[in-house]
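Secondary and tertiary structure notes
Listed below, chain by chain, are the residues.
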Amino acid sequence: MKSSFAGVFPYVVTPLDTAGQIEAEVLARLCDDLIKAGVHGLTPLGSTGEFAYLSREQRLRTVEVAVAAAGARVPVVPGVASTSTADAVAQARAYAHAGAAGILAILEAYFPLGDAQVESYFRAIADAVDLPVVLYTNPNFQRSDLTLDVIARLARHQNIVGIKDASTNTGRLLSILNRCGDMIDVFAASAHIPACVMMIGGKGWFAGPACIIPRQSVALYNLCRAGKWDEAMGLQRRLWRINEIFARFNLAACIKAGLEEQGYAVGNPVAPQSPLTPEERAIVRAALAEVSHAG
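Residue numbers run consecutively from 1 along every chain, following the written order of its sequence. Per-residue local features are limited, in this predicted model, to residues with pLDDT of at least 70; the limit for side-chain atom pairs, both in listing and counting, is 80 or more; totals at the level of whole chains, interfaces and linings are taken over all residues. With hydrogens and water excluded, all non-hydrogen atoms of the structure serve as input to the side-chain values.

Brief notes about the pairing of strand β3 (residues 79–82)
- Side chains G79 and A81 of β3 all project onto a buried face; the interleaved residues V80 and S82 project onto the opposite face, where all are buried too.
- In short, DSSP must find at least two bridges between two strands for them to pair. Note on conventions: DSSP H or I runs of at least 4 residues are helices, E runs of at least 2 residues are strands, and numbering of each starts at the N terminus. Sheet analysis places β3 next to strand β4 (residues 103–107), joined by 4 bridges and oriented parallel. From the neighbouring strand, A81 faces β4, where its bridge partner is I106. Here's how the labels work: a residue is buried when its accessible area is under 20% of the maximum for its type, exposed when over 50%, partly exposed in between, all with a 1.4 Å probe on protein chains only.

Next comes the structure, spelled out in structure tokens:
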């Protein structure tokens, strides 16, 4: 079996000042605190990291700060995303040079793409770096999805080790596991119930909510790993309040508001997104208070 990842990988937000500069000290502190809370890795430039709204320079700086903050204590697996294969390859190489331990590969698409074009995009990223690559598919945001046939072919690539499927279709995850589970690991998304994905054979999850409830997320993972399913589902039910809030509001705005409530000056989401209203922030604050002692 190819080497891969396991555990809880928070999608780290991208703290920005009013001039659009990366708030390196805030990001470093957040990464350090997440590691101390027990997370198994860090993923800057995921959906919650607002990769779609950042410049090339902002993205690279975010990876550099996260890698330095992690200090090899946990793997840093940044997201690589583009509409262009050449640009995605350039990102992957830059992040590998910056010290990334792996790549989360995301396809953005403007025009519809066929299976051959989707496959070639992900294969080019995996060919470009000597790092483990986790595929990420989210048909709610992408014009082109990964079919089971494409996943099965990509799973044979020596560098492609996992897939995070955010389709919200847990049955599709089971289809992936049944078809190529001996070649590729499956990871949950925040839109799935992670405990259920772990029960069917998942290896962990990459998710935004873990950025604001890291300790509880790690506790849930440990219960799943120990096969304590009744306890795991009890904790999952208590934590689901965060996911319900997460689904109501803009992803980055919600997590950034939660982090601001916890004392991290991460700033507002990138325009044209907008921050939560005071009333919406109060809902996030109440949800965090509700789960603060869970786990």
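Regarding the packing of helix α3 (residues 85–97) against helix α4 (residues 115–128)
- All axes are obtained by fitting lines to C-alpha atoms, using only the stretch in contact for helices, and the reported angles, taken between N-to-C directions, cover 0 to 180 degrees. Relative to each other, α3 and α4 sit at 30 degrees, their axes nearing to 9 Å. Considered as vectors, α3 and α4 are oriented roughly parallel to each other. Relative to α4, α3 is oriented so that their crossing is right-handed. Across the interface between the two elements, T85, A88, V89, A92 and R93 of α3 pack against Y121, A124, I125 and A128 of α4.
- Only Asp, Glu, Lys and Arg are considered charged, only Ala, Val, Leu, Ile, Met, Phe, Trp, Tyr, Cys and Pro nonpolar, and every remaining residue, Gly among them, polar. Classifying every residue of the contact of α3 with α4 gives 7 nonpolar, 1 polar and 1 charged. If an angle is under 35 degrees, it is roughly parallel; if it is over 145, roughly antiparallel; if it lies from 65 to 115, roughly perpendicular; otherwise it is oblique. Working rule for handedness: look at the near helix, and if it is turned counterclockwise from the far one by less than a right angle, call the crossing left-handed; if clockwise, right-handed. The contact criterion used is simple: two residues touch if any of their non-hydrogen atoms lie within 4.5 Å.

What about the state of the cysteines?
- The term disulfide is used for any two cysteine sulfur atoms that are within 2.5 Å. Under the definition given, this model contains 0 disulfides.
- Here C211 stays free of any disulfide, with the sulfur of C31 as its closest cysteine sulfur at 8.1 Å.

Considerations on the side chain of H157
- Note that H157 resides in the loop between α5 (148–154) and β6 (160–165).
- For H157, a relative accessible area of 9% gives the class buried.
- Excluding anything up to four places from it in sequence, H157 contacts K2, R123, A126 and D127.

Concerning the nonpolar core
- Grouped together as the largest cluster of nonpolar side chains are 108 residues, with contacts concentrated most on L42, I103, F122, L135, L146 and L259.
- Ranked by residues supplied to this core, first place goes to helix α9 (residues 229–248) with 7 residues.
- In this structure, F122 is in contact with A105, I106, L107, L135, Y136, L146 and L154, ignoring residues within four places of it in sequence. Among the buried residues, those of types Ala, Val, Leu, Ile, Met, Phe, Trp, Tyr and Cys that are joined through side-chain atoms within 4.5 Å form a nonpolar core.

Some points on the sheet that holds strand β1 (residues 7–12)
- Pairing is parallel across the open sheet formed by 3 strands, whose spatial order is β2-β1-β8. Of all the strands in the sheet, just β2 (43–44) and β8 (204–207) have a single pairing partner and so form its edges.
- For β1 and β2, the ladder comprises 2 bridges, and the chain directions are parallel. Looking across to β2, one finds that V12 is bridged to P44.

Quick look at unusual backbone geometry
- The omega torsion across A271 and P272 is 15 degrees, close enough to zero to call that bond cis.
- Within the chain, L45 stands out as a residue other than glycine whose phi angle is a positive 65 degrees.
- When you line up the elements, L45 lands in the loop between β2 and α2 (56–70).
- The backbone phi angle of E50 is positive, close to 60 degrees, even though this residue is not glycine.

Considerations on the environment of V133
- Of note, V133 is situated in strand β5 (residues 133–137).
- Here V133 falls in the buried class, since its relative accessible area comes to 0%.

Points about the packing of aromatic side chains
- Centres within 6.5 Å are what make two rings of Phe, Tyr or Trp a pair, Trp counting through its six-membered ring; a difference in plane orientation under 30 degrees is then read as stacked, over 60 as edge-to-face, and the rest as tilted. Scanning all chains against the criterion turns up 7 aromatic pairs.
- Their ring planes at 90 degrees and their centres at 5.3 Å tell us that Y121 and F122 sit as a pair that is edge-to-face.
- A residue is classified by how much of its surface remains accessible, and F122, at 2% relative accessible area, is buried.
- Through a chain of ring-to-ring contacts, the aromatic side chains of F5, F9, F187 and F206 assemble into a single cluster.

Here's the deal with helix α6 (residues 170–180)
- Along α6, the positions that sit buried rather than exposed are R172, L173, I176, L177 and C180. With its buried residues spanning 145 degrees around the axis, α6 presents them on a single face.
- Contacts from the buried residues of α6 go to β5, α5, β6, β7 (185–187) and α7 (194–199).
- Counted as a polar contact is a pair of N or O atoms within 3.5 Å, where, for protein atoms, one must be capable of donating a hydrogen and the other of accepting one, and residues adjacent in sequence contribute only when both atoms are in side chains. The opening residue of α6, the one whose side-chain oxygen lies 3.0 Å from the backbone nitrogen of G171, is N169. In this description, one arc is meant: the one made by directions from the helix axis to the C-beta atoms.

Focus: a nonpolar patch on the surface
- For patch building, the residue pool is restricted to those with more than 30% relative accessible area and no salt bridge; the joining distance is 9 Å between like charges and 5 Å between nonpolar side chains (Val, Leu, Ile, Met, Phe, Trp, Tyr). Areas reported as accessible are Shrake-Rupley estimates using a 1.4 Å probe. Residue values count occlusion only from the protein chains shown. When a carboxyl oxygen of Asp or Glu lies within 4 Å of a side-chain nitrogen of Lys or Arg, that pair is called a salt bridge. Taken together, L174, M199 and I200 make up a surface patch of nonpolar side chains, about 240 Å² in accessible area.
- Within the secondary structure, M199 is located in helix α7.
- Looking at M199, the relative accessible area reads 46%, which means it is partly exposed.

Re the side chain of S82
- Along the chain, the position of S82 falls in strand β3.
- Here D87 takes part through its side chain, which lies 2.9 Å from a polar atom of the side chain of S82.
- Excluding anything up to four places from it in sequence, S82 contacts D87, A88, Q91, I106, L107, E108 and Y121.

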